[in-house]
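# An overview of the molecular structure
Spelled out, the chains give:
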Amino acid sequence: MSKHLIDQAMQLLRANDRGTYTVPTYGLYPFQWNWDSVLSALGFLHFDEDRAWTEIETLFDNQWEDGMVPHIIFHEHDEGYFPGPDVWRTGRKVPTSGITQPPVAGFAVRRMLERAEQREDATRRARALLPKIHAWHEWFFRCRDPQGTGLVAIIHPWESGRDNSVDWDAAFGRVPTDGVEAFTRRDTSHANPDHRPTDEQYKRYIWLVQKFRSLGWDNSKLHDASPFQLVDPGFNAILTRSCSDLAELADALGEPEIAAQSRNFAEKSLAAMDTLWSEKWGQYLCRDRAIDELVDSPSIGGLLAVFAEIPAARAKVVAKRIAKLGELANFLVPSHDPSVPEYDGMRYWRGPAWLIVNYMIADGLARAGETAIVNRIKADSVKLIEESGFAEYYDPITAEPCGGGQFSWTAAMVIEFLDERVTA
Ligand code: DGY
């Protein structure tokens, strides 16, 4: 069975391959998305190392001069997606969006180098990527943590990847909708509207884009100018983990300065992460930086924190919490707690299970020695694919496939999960 699933996953990645980058799925997402692309590269590494490295190189070829790596690279014209380059207007030769996404590259490149069989080629390519990834991390701490707290804020829900999470509801309520130019959504013609964010949320997404555009996409201004500044434990855990992985990579490649700076970033960020801990929920929570308050919302962002090297005692409590969620959901890990009224099992990040987050949570909990829950997460992830194919996300109670189909990163994660090296 697993050979059959791996073959299907490889075929899917090949079908979504556009030569130098991979689309997340045909139709709904017709360009290169930042973290989709990097996580898809982990899948490619199993059967085409050269192609895996190219995926990440293409992304970093589009890095901005200030260090930011944009969340979408619009390599080709496609009318089927909104908002396209005409809305973002970032003025790049290859058009890009003007915001970023979870920085998984430091983690992925270290993993790729460790596993690569073509050692010389991999070392050369990792060495070239190293300073670029480091520049992105520096950018985060400079532009998204201007007060030097150790934790960065996202300034648009799309940056988190968890676009319509319940975590953003209250803060998003403060984002106005006046002056939003008329638009037509395209996502709802590719996917069931009940699985997607609402029109009201889309207006606010676009208000923020227009606001940042009016500031010329100048990252020295955007953080302070944004009414939406959310400190997401999941996002920060990815950044922290990427910094510590980059430190290891830099040591291995003989770059002690990058190693030392990356280690400093990771240590400071890990210490600050504890300010997001909630005894009440037994997990981490977001902080709404604009009003300096924790957001009382039990989402997967606070579980994903285990991807960073949080203290073992905290990881144990999170593992217990996930086990509890496993009594409410048939398939771990729901993106929101099914016992609270805001839970919506098919609507994007308000309840569905996502394989990429499962993968990162399993990886972190494996390091913490929480084998039983890791095995459950892995088994549930594979069962979802067997029952419902390679969807974007799944109802964690019924396993119904949701959002887009034939999804690249889902395929990549299946290959990873079925490879015993990953979370064993
Ligand atoms: C979308 O268009 O749904 C994306 O998540 C934004 O990146």
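From a predicted model like this one, the values you see are computed outputs, not experimental measurements. (Residues numbered from 1 in each chain as written. Predicted model: local features only at pLDDT ≥ 70, side-chain atom pairs only at ≥ 80, totals over all residues. Heavy atoms only, no water.)

## Concerning the overall build of the protein
Scanning the protein for helices and strands turns up 17 helices and nine strands. In terms of C-alpha radius of gyration, the protein reaches 20 Å, essentially the compact-globule figure of 22 Å for 424 residues. Dimensions of the protein, computed from C-alpha atoms along their principal axes, come out at roughly 50 × 45 × 45 Å. When the 424 residues of the protein are sorted by exposure, 63% land in the buried category. Residue pairs in contact within the protein that sit at least 24 positions apart in sequence constitute 72% of those at least 6 positions apart. A total of about 15200 Å² of accessible surface is found on the protein, and carbon and sulfur atoms cover 50% of it. With 45 positive and 62 negative side-chain charges, the protein shows a spacing of 1 Å between the two charge centroids. (Helix = DSSP H or I, 4+ residues; strand = E, 2+ residues; numbered from the N terminus. Rg over C-alpha atoms; globule rule 2.2 N^0.38 Å. Buried < 20%, exposed > 50% of the residue type's maximum accessible area, 1.4 Å probe, protein only. Contact = heavy atoms within 4.5 Å. Areas by Shrake-Rupley, 256 points an atom, 1.4 Å probe, with all protein chains shown as cover. Lys, Arg positive; Asp, Glu negative; His and termini not counted. Charge placed at Lys NZ, Arg CZ, Asp CG, Glu CD.)

## A short note on the nonpolar core
Counting 140 residues, the largest nonpolar core has Ile 322 and Ile 361 as the members making the most contacts within it. Top element by residues in this core is helix H6 (residues 119-143). It accounts for ten residues. Not counting residues up to four positions away in its chain, the partners in contact with Ile 322 are Leu 303, Leu 332, Val 333, Ile 361, Leu 365, Ile 373 and Ile 377. (Core = buried A, V, L, I, M, F, W, Y, C linked by side-chain atoms within 4.5 Å.)

## What to know about the side chain of Arg 321
Assignment of secondary structure puts Arg 321 in helix H14 (residues 312-328). Those residues in contact with Arg 321 that lie beyond four places of it in its chain are Trp 281, Gly 282, Gln 283, Pro 298, Leu 303 and Asp 337.

## Brief notes about the pattern of salt bridges
What the rule picks out here adds up to 40 salt bridges. Lys 316 is paired through a salt bridge with Glu 370; the nearest N and O atoms lie 3.2 Å apart. Within this pair, whereas Lys 316 is found in helix H14, its partner Glu 370 is found in the loop between helix H15 (355-367) and helix H16 (371-388), the two being separated by 54 residues in sequence. Overall, the relative accessible area of 16% leaves Glu 370 in the buried class. Here the salt bridges share partners, and the residues they tie into one network are Arg 110, Arg 111, Glu 114, Arg 241, Asp 245 and Asp 363. (Salt bridge = Lys/Arg side-chain N within 4 Å of Asp/Glu carboxyl O.)

## Considerations on helix H17 (residues 408-417)
Counting buried positions along H17 yields ten of ten residues, so the element is predominantly enclosed. For H17, every residue scored as buried is listed here: Ser 408, Trp 409, Thr 410, Ala 411, Ala 412, Met 413, Val 414, Ile 415, Glu 416 and Phe 417.

## Section: the packing of helix H1 (residues 2-15) against H17
Running from N to C, H1 and H17 cross one another at 145 degrees; their axes reach a closest spacing of 9 Å. Where H1 crosses over H17, the handedness of that crossing is left-handed. Where H1 approaches H17, its residues Leu 5, Ala 9, Met 10, Leu 12 and Leu 13 are matched on the opposing element by Ser 408, Ala 411, Ala 412, Val 414 and Ile 415. (Axes fitted to C-alpha atoms, helices over the stretch in contact; angles between N-to-C directions. Left-handed = near helix turned anticlockwise from the far one by under 90°.)

## Quick notes on the state of the cysteines
This structure, assessed with the given rule, holds zero disulfides. Here Cys 143 stays unpaired: no disulfide links it, and the sulfur of Cys 243, its closest cysteine neighbor, is 14 Å away. The buried category is assigned to Cys 143, whose relative accessible area is 9%. (Disulfide = S-S within 2.5 Å.)

## Description of the packing of H15 against H17
Running from N to C, H15 and H17 point in directions that differ by 35 degrees, and their axes come no closer than 9 Å. Regarding H15 and H17, the two cross each other, and that crossing is left-handed. Within the contact between the two elements, H15 uses Leu 355, Ile 356, Asn 358, Tyr 359 and Ala 362 and H17 uses Trp 409, Thr 410, Met 413, Val 414, Glu 416 and Phe 417. Among the residues making up the contact of H15 with H17, the classes are represented as eight nonpolar, two polar and one charged. (Nonpolar A, V, L, I, M, F, W, Y, C, P; charged D, E, K, R; others polar.)

## Topic: the side chain of Arg 347
For Arg 347, the location among the structural elements is in the loop between H14 and H15. With residues up to four places along the chain from it excluded, the contact list for Arg 347 reads Asn 164, Pro 193, Asp 194, His 195, Arg 196, Pro 197, Thr 198 and Pro 352.

## Section: the sheet that holds strand S3 (residues 230-231)
Strand pairing within a sheet occurs via backbone hydrogen bonds; the two strands may be parallel or antiparallel. If you trace the three strands from one edge of the open sheet to the other, you get S3-S6-S7, paired in antiparallel fashion. The strands lining the two open edges of the sheet, one partner per strand, are S3 and strand S7 (293-294). In the sheet, strand S6 (residues 287-288) pairs with S7 via two bridges, with the strands oriented antiparallel. Each bridged residue has a counterpart across the sheet, and for Arg 287 the counterpart in S7 is Leu 294. (Pairing = 2+ DSSP bridges.)

## Observations concerning a negative patch on the surface
There is a patch of like negative charges on the surface, built from Glu 76, Asp 78, Glu 79 and Asp 86. Here Glu 79 falls in the exposed class, since its relative accessible area comes to 52%. (Patch = residues over 30% accessible without salt bridge, like charges linked within 9 Å, V, L, I, M, F, W, Y side chains within 5 Å.)

## Things to note about the site of the ligand
Inspection of the region around the ligand gives Tyr 29, Trp 33, His 71, Tyr 81, Trp 158, Asp 163, Arg 196, Tyr 202 and Tyr 348 as its neighbouring residues. In this structure, Tyr 29 approaches the ligand through a side-chain N or O atom, which is 3.1 Å from an oxygen atom. Protein chains bury 96% of the 230 Å² of accessible surface belonging to the ligand in isolation. Of the residues that constitute the shell around the ligand, the class distribution is six nonpolar, one polar and two charged. (Near = heavy atom within 4 Å. Polar contact = N/O pair within 3.5 Å; in protein donor to acceptor, adjacent residues only side chain to side chain.)

## Examining the packing of aromatic side chains
Overall, the coordinates contain 33 aromatic pairs when judged by the stated rule. Where Trp 33 meets Tyr 81, the ring centres are 5.1 Å apart and the plane angle is 80 degrees; that geometry is what we call edge-to-face. Remark: Tyr 81 occurs in the loop between strand S2 (72-73) and helix H4 (85-88) and Trp 33 occurs in strand S1 (residues 32-33); sequence separation between them is 48 residues. We note that Trp 33, like Tyr 81, is buried. Ring plane angle 75 degrees and centroid distance 4.8 Å describe the contact between Trp 277 and Tyr 284, whose orientation is recorded as edge-to-face. Residue class for Trp 277 comes out buried when judged on its relative accessible area of 11%. Members of the aromatic cluster, connected to one another through ring pairs, are Tyr 29, Phe 31, Trp 33, Trp 35, Phe 74, Tyr 81, Tyr 348, Trp 349, Trp 354, Tyr 393, Phe 407 and Trp 409. The ring of Phe 44 has Arg 51 lying over it, and the distance from NZ or CZ to the ring centre is 5.0 Å. A cation over a ring is seen here: Arg 241 above Phe 307, with NZ or CZ 4.5 Å from the ring centre. (Phe/Tyr/Trp six-rings, centres within 6.5 Å; stacked < 30°, edge-to-face > 60°. Lys NZ or Arg CZ within 6 Å of the ring centre and 35° of its normal.)

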